[in-house]
Amino acid sequence: MKILALDTSTEACSVALWMDGTVGERFELGNQHSHRILTMTQEVLAEVGMSLTQLDAVAFGRGPGSFTGLRICAGVAQGLAFGADVPVVPVSSLAALAQGVNAPRVLAAIDARMNQLYWGAYVRNAQGLAELRGEENVLAPGEVSIPADDDWIGAGSGWDQYAALLLERLGNRVREWRPDCFPNARFVAQLGAHEFASGRSLAPEQALPVYLRDEVAVKRTRA
């Protein structure tokens, strides 16, 4: 199975190529996603002498995350999949974030600005994959759901930004939180390969971002 994976949902830009469990990848931090994503894709493919037409699918981080980043990722995934005549596999960026943390329980949080965060609780299943418990949400740090059990690990830019508020809310449910964690195409590829093998792929035109929040600015109320 050959899966090309992309993620530009945060300040991290990454591309990975999954070949039956072996992964080649590129990962960068910065604000050049629209300029770098195709170059990084070409580099990963060239590294193993592979063309787009040899792929089985294109997986992409469908969000939540940066509005601009999600549009870039979905658009590039759609274009590549059309060109290669292969399906797409959308993967939650929060799930990819959680998959990259070596822990059985992960509270994944991406900074959503406007004093909110994108939030999801993930538990490692028997296959070693991050599985969502409950729903993904966009909410204030003081509104996150308190899990019934203990020993959770926090990860993602939402924790970098709101750790004090989250710990106040969650108390001893959280064992630790880890800074500087980002969704990575390596884990989009891993989760995407499972989704593809399970028959959950889509036609390229269905490569759409999932924002969770429709508005990008706080509305001002008139006095």
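Counting restarts for each chain, with residues numbered from 1 along the sequence as it is written. Confidence filtering applies because this is a predicted model: local features only for residues at pLDDT of at least 70, side-chain atom pairs given and counted only at 80 or more, and all residues used for totals across whole chains, interfaces and linings. To get the side-chain values, all heavy atoms of the structure are used, and hydrogens and water are removed first.

Moving on to the sheet that holds strand E3 (residues 22-29). Pairing between the strands of a sheet is mediated by backbone hydrogen bonds and can be parallel or antiparallel. The five strands lie next to each other as E3-E2-E1-E4-E5, forming an open sheet whose pairing is mixed. If you trace the sheet from one side to the other, it starts and ends with E3 and strand E5 (88-92), each paired once. The sheet shows a mean angle of 15° between the axes of neighbouring strands, taken without regard to direction. Here the rule is simple: two strands pair whenever DSSP picks up at least two bridges between them. Comment: elements are numbered from the N terminus, with helices defined as DSSP H or I runs of at least four residues and strands as E runs of at least two. In this sheet, strand E4 (residues 57-63) lies alongside strand E1 (residues 2-7) in parallel orientation, the contact comprising four bridges. Axis lines are fitted through C-alpha atoms, for helices just across the contact stretch, and the angle between N-to-C directions can take any value from 0 to 180 degrees.

When the centres of two rings from Phe, Tyr and Trp lie within 6.5 Å, Trp using its six-membered ring, the rings pair. Their planes under 30 degrees apart give stacked, over 60 give edge-to-face, and anything left gives tilted. Applying the stated criterion across every chain, the model contains three aromatic pairs. Taking the centre distance of 6.2 Å and the plane angle of 35° together, the rings of Trp119 and Trp159 count as tilted. A residue pair is termed long-range when its members are at least 10 positions apart, and Trp119 in strand E7 (residues 116-124) and Trp159 in helix H4 (residues 157-170) qualify at 40 residues. By the burial criterion, Trp119 is buried, and Trp159 matches it. An angle of 20° between the planes, with centres 6.5 Å apart, marks the rings of Trp159 and Trp177 as stacked. Burial classes follow relative accessibility: with a 1.4 Å probe on protein chains only, a residue under 20% of its type's maximum area counts as buried, one over 50% as exposed, and anything between as partly exposed.

A few words on the pattern of salt bridges. Think of a salt bridge as a Lys or Arg side-chain nitrogen and an Asp or Glu carboxyl oxygen that are within 4 Å of each other. This model, assessed by the stated rule, comprises 13 salt bridges. Arg113 serves as the salt-bridge partner of Asp111, at 3.0 Å between the closest nitrogen and oxygen. For Asp111, a relative accessible area of 14% corresponds to the buried category. When its relative accessible area of 58% is taken as the criterion, Arg113 is described as exposed.

Moving on, we get to helix H2 (residues 67-84). In a helix, the anticipated span is given by 1.5 Å times the number of residues less one. Between its terminal C-alpha atoms H2 stretches 26 Å, which fits the 26 Å expected from 18 residues at 1.5 Å a residue. Turning to H2, its buried residues are Phe67, Gly69, Leu70, Ile72, Cys73, Ala74, Val76, Ala77, Leu80, Ala81 and Ala84. Each element contacted by the buried residues of H2 is listed here: E1, helix H1 (33-47), E4, E5 and E7. In the stretch just after H2, Asp85 is the one whose phi turns positive, near 60°. Only heavy atoms matter for contacts: two residues are in contact if any of them lie within 4.5 Å across the pair.

So, on to H4. When the terminal C-alpha atoms of H4 are compared, their 17 Å separation across 14 residues is substantially less than the 20 Å that a helix rising 1.5 Å per residue should span. Of all the bends in H4, the greatest, near 85°, is centred on Ala163. Taken residue by residue, H4 has Ser157, Gly158, Trp159, Tyr162, Ala163, Leu166 and Leu170 as its buried positions. In this fold, the buried residues of H4 make contact with strand E6 (105-113), E7, strand E9 (152-155) and strand E10 (174-178). Looking at the residues trailing H4, positive phi occurs at Gly171, about 60°. Two axes enter the bend calculation: one fitted to the seven residues ending at the residue in question, the other to the seven starting there, and the bend is the angle between them.

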